[in-house]
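# Notes for the structure review
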Amino acid sequence: MGDPRNPRRADEPWNLDRLRIAEAELRALAPLVTFSGGWAWHFMAPPHEELKIFHDHKDVDLFVEPGRFPELVQLLTDRGFHRIWSRFDATSTHFYRYAKYVGDAKVILDVFVRHVPSVEVGGMRVVAPATLLTFYGDIHSTDDCVSVLAARRLLDRGIDPIGRSELVTRPR
């Protein structure tokens, strides 16, 4: 649920130290959650250079089954995350934002409490690509990143986008 990205910075790399810190946290949460947004595309893509044009890493969007939410809250608390306010708090009873600092890096989690169709990729559960695409314009805002555009094209042709280099290939 982040703000739209700055197109002038699309070709910049993401801070790799910040991404490594975030990914370590995500791997600890993985048994309880389904990843969405930029991190879902990240896990679906083959190894790649982390450029902002490919997918959004400003925050981590994730889903948790309603029955597992209390367990997730306990894990987040144990790992030093704190609930923080967002502009969406007043309009949703199924959305919560958590954050913590690890050194100079801030890890922000946008937690959606609901069931979503998912697939497993490399030990990480991600929102099924066709479902994930329906979240753009509602839950997710960066609908013009390379991964989203490529996944739309691939799915329109009946091709599963998981593992496809198109998810992280600069447009020509």
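Keep in mind that what you see is a predicted model, and the values were worked out from it rather than measured.

### Regarding the overall build of the chain
Assigned secondary structure in the chain consists of 5 helices and 7 strands. Taken from the N to the C terminus, the helices and strands of the chain come in the order α-β-α-β-α-β-β-β-β-β-α-α. Relative to the globule expectation of 16 Å for 172 residues, the C-alpha radius of gyration of the chain, 15 Å, shows essentially globular dimensions. In terms of overall dimensions, the chain has C-alpha extents of about 45 × 35 × 30 Å along its principal axes. Among the 172 residues that make up the chain, the fraction classed as buried is 48%. Here the chain holds 23 positive side-chain charges and 24 negative ones, and the gap between their average locations is 2 Å.

### A short note on the pattern of salt bridges
A side chain of one charge can pair with a side chain of the opposite charge when the charged atoms of the two come close. Counted by the stated rule, this structure contains 9 salt bridges. Here Asp17 makes a salt bridge to Arg20, at a shortest N to O gap of 2.7 Å. With Asp17 and Arg20 both in helix 1 (residues 16-29) and 3 residues apart, the pair spans about one turn of that helix. Given a relative accessible area of 52%, Arg20 falls into the exposed group. For Lys100, the salt bridge goes to Glu25, with nearest N and O atoms at 3.0 Å.

### Some thoughts on the packing of helix 1 against helix 2 (residues 37-44)
Between helix 1 and helix 2, the shortest axis-to-axis distance is 13 Å and the interhelical angle comes to 90 degrees. When the interaxial angle is binned, helix 1 and helix 2 end up roughly perpendicular. Contacts from Leu19, Ala22, Glu23, Leu26 and Arg27 of helix 1 reach helix 2 at Trp39, His42 and Phe43. Its residues assigned to classes, the contact of helix 1 with helix 2 comprises 5 nonpolar, 1 polar and 2 charged.

### A word on helix 3 (residues 69-78)
Burial in helix 3 covers these residues: Phe69, Leu72 and Leu76. Looking straight down helix 3, one finds its buried side chains confined to an arc of 60 degrees; they lie on one side. Across helix 3 from its buried face, at more than 90 degrees, point the exposed residues Pro70 and Asp78. Turning to helix 3, the residues buried within the fold contact helix 1, strand 2 (60-64), strand 4 (95-102) and strand 5 (105-113). Count one or two residues on from helix 3 and you reach Gly80, which has phi positive near 90 degrees.

### With respect to the pairing of strand 4
When you tally the buried positions in strand 4, you get 6 out of 8 residues, the bulk of the element. Where strand 4 meets strand 5, 8 bridges bridge the pair, whose relative direction is antiparallel. Following the sheet pairing, Val102 is matched in strand 5 by Ala105. Counting the residues between successive antiparallel strands, the hairpin from strand 4 to strand 5 contains 2 residues, one of them, Gly103, with a positive phi of roughly 65 degrees.

### Quick word on the side chain of His42
Locating His42 in the fold gives a position in helix 2. By relative accessible area, which is 13% here, His42 ends up buried. Apart from residues lying up to four places away in sequence, His42 is in contact with Glu23, His48, Glu50, His55 and His57.

What counts and what doesn't
- The numbering scheme is per chain: residues are counted from 1 as the chain's sequence reads.
- Totals for whole chains, interfaces and linings use every residue, but because this is a predicted model, local features are given only for residues with pLDDT of at least 70 and side-chain atom pairs only at 80 or more, for both listing and counting.
- The basis for the side-chain values is all heavy atoms of the structure; hydrogens and waters are excluded.
- Where helices and strands are cited, they refer to DSSP runs of H or I of at least four residues and of E of at least two residues respectively, numbered from the N terminus.
- Values of the radius of gyration come from C-alpha atoms, whereas the globule rule sets the reference at 2.2 Å times the count of residues to the power 0.38.
- Relative accessibility decides the category of a residue: with a 1.4 Å probe and only protein chains considered, values under 20% of the type maximum give buried, values over 50% give exposed, and everything between is partly exposed.
- Working convention for charge: Lys and Arg count positive, Asp and Glu count negative, and His plus the chain ends are omitted.
- Here the site of a charge means atom NZ of a Lys, CZ of an Arg, CG of an Asp or CD of a Glu.
- Within this document, salt bridges are pairs made up of a side-chain nitrogen of Lys or Arg and a carboxyl oxygen of Asp or Glu, the two lying within 4 Å of each other.
- Lines fitted to C-alpha atoms define the axes here, with helix axes fitted over just the stretch in contact, and angles between the N-to-C directions of these axes take values from 0 to 180 degrees.
- When an angle is under 35 degrees it counts as roughly parallel; over 145 it counts as roughly antiparallel; between 65 and 115 it counts as roughly perpendicular; any other value is oblique.
- In what follows, a contact means two residues having at least one pair of non-hydrogen atoms within 4.5 Å.
- When residue character is reported, Ala, Val, Leu, Ile, Met, Phe, Trp, Tyr, Cys and Pro are called nonpolar, Asp, Glu, Lys and Arg charged, and the others, Gly included, polar.
- This arc is taken over the directions from the axis of the helix to the C-beta atoms.
- Two strands are said to pair when DSSP picks up at least two bridges between them.

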